[in-house]
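Results of the structural survey
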Amino acid sequence: MNPSALPFRHAVVTGACGGLGQALARELLAAGAHVTLVGLNRDALQTLADLAPGRTAIHTVDVSDSTAMQAMAAQAIARAGLPDLVVANAGVAGGMDTADADDLTVMRRMLEINLLGPAVTFQPFVKAARQTPGARCALVGVASIAGWRGMPGNGAYCASKGGLIRYLESLRAECRGTGLSVHTVSPGYLRTPLTAGNRFAMPGLMEADVAARALLQGVAHGREHIVLPRHIGWLSRLLACLPARWHDRLLLRQPRKPRPGEAGSTPIPGLTSGQPPPPPAT
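The text that follows walks through the structure, step by step, so that each part is easy to find. Please read these numbers as outputs of a predicted model, since none were measured by experiment.

Rules used throughout
- Residues numbered from 1 in each chain as written.
- Predicted model: local features only at pLDDT ≥ 70, side-chain atom pairs only at ≥ 80, totals over all residues.
- Heavy atoms only, no water.
- Helix = DSSP H or I, 4+ residues; strand = E, 2+ residues; numbered from the N terminus.
- Buried < 20%, exposed > 50% of the residue type's maximum accessible area, 1.4 Å probe, protein only.
- Contact = heavy atoms within 4.5 Å.
- Salt bridge = Lys/Arg side-chain N within 4 Å of Asp/Glu carboxyl O.
- Pairing = 2+ DSSP bridges.
- Axes fitted to C-alpha atoms, helices over the stretch in contact; angles between N-to-C directions.
- Parallel < 35°, antiparallel > 145°, perpendicular 65-115°, else oblique.
- Left-handed = near helix turned anticlockwise from the far one by under 90°.

**Details of the overall build of the protein**
When you go through the protein residue by residue, the secondary structure sums to 8 helices and 9 strands. Within the protein, the proportion of its 282 residues that are buried is 49%. In the protein, of all internal contacts separated by at least 6 residues, the share reaching a separation of at least 24 is 68%.

**Concerning the pattern of salt bridges**
When the charged atoms of two side chains lie near each other, side chains of opposite charge can form a pair. For the structure on display, the rule yields 6 salt bridges. Its salt-bridge partner being Glu 169, residue Arg 166 comes within 3.0 Å of it at the nearest N-O pair. Of this pair, Arg 166 and Glu 169 both sit in helix α5 (residues 155-175), separated by 3 residues, roughly a single helical turn. In this structure, Arg 176 engages Glu 224 in a salt bridge whose closest nitrogen and oxygen atoms are separated by 2.5 Å.

**Considerations on the sheet that holds strand β6 (residues 180-187)**
Taken in spatial order, the 7 strands make up an open sheet running β3-β2-β1-β4-β5-β6-β9, and their pairing is parallel. Each edge of the sheet is formed by a strand with only one pairing partner; in this case those strands are β3 (56-59) and β9 (225-228). Averaged over all adjacent pairs, the angle separating strand axes in this sheet is 15 degrees, with direction ignored. As paired strands, strand β1 (residues 10-14) and strand β4 (residues 85-88) are joined by 3 bridges and run parallel to one another. In the sheet register, Val 13 faces β4, and the bridge partner there is Val 87.

**A word on the packing of helix α1 (residues 19-30) against helix α6 (residues 208-220)**
The N-to-C vectors of α1 and α6 enclose an angle of 60 degrees; their axes lie 8 Å apart at closest approach. Relative to α6, the element α1 lies oblique. Judged by the sense of rotation from one axis to the other, the crossing of α1 with α6 is right-handed. Together, Gly 19, Leu 20, Ala 23, Leu 24, Glu 27 and Leu 28 of α1 and Ala 208, Asp 209, Ala 211, Ala 212, Arg 213, Leu 215 and Leu 216 of α6 make up the contact between the two elements.

Below, the structure is given as structure tokens:
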């Protein structure tokens, strides 16, 4: 499917500052859609907005802040109408050691962004769609294959993505028979800043722009479960057939994902020096 053939008129993309989110925004803008860009790096969002000044809007808000996200949604709807695509893509990653008390704060913040964030993102649009006769909107949650099974040293991330998969299942059931569709995306390894510091093998590493096109095509064709790339999903399912003890032994041989503050790690917004961030306004 060529970008110009995508059916989306107005899309909201969180985590649009880089990686998959930025690639999604570029594909949607190339297709002529109006795109509401949500992220924390205004300069990165402005670079995207400059591609189509008349069809973009920038919102630098924390996706776990329900008040700010509701205001963003109200402005987006007033500006371009109810979106027909909402992609909850914002996410953070990092290793974890349960023996370290500071890492419990890391886990809380990761759950706020990766699990609570999609619900906060969808909520105002679900409410608006239910109040609008004939409204149609695709709700897309970007989870991860890491959410299919826990991995040593990666408990916070796996828990957040596993929880997101179950949340999306629940929301999908609630939306059956309405104009709302729910799509779960489970990427394997994408070449993004979140994976740049990984010290372990990343089979099936996929470029972000290729993944973005596959995601949008899958949603446009109504696929409710999208794995990127597809063959990595089959490999993960095959490994899951092993006895848990064998599977754990294989995973324990791999280097662990860097914890926040370690070399190769990526910063987690709202988390500094191991101290818990102030709670967002509600």
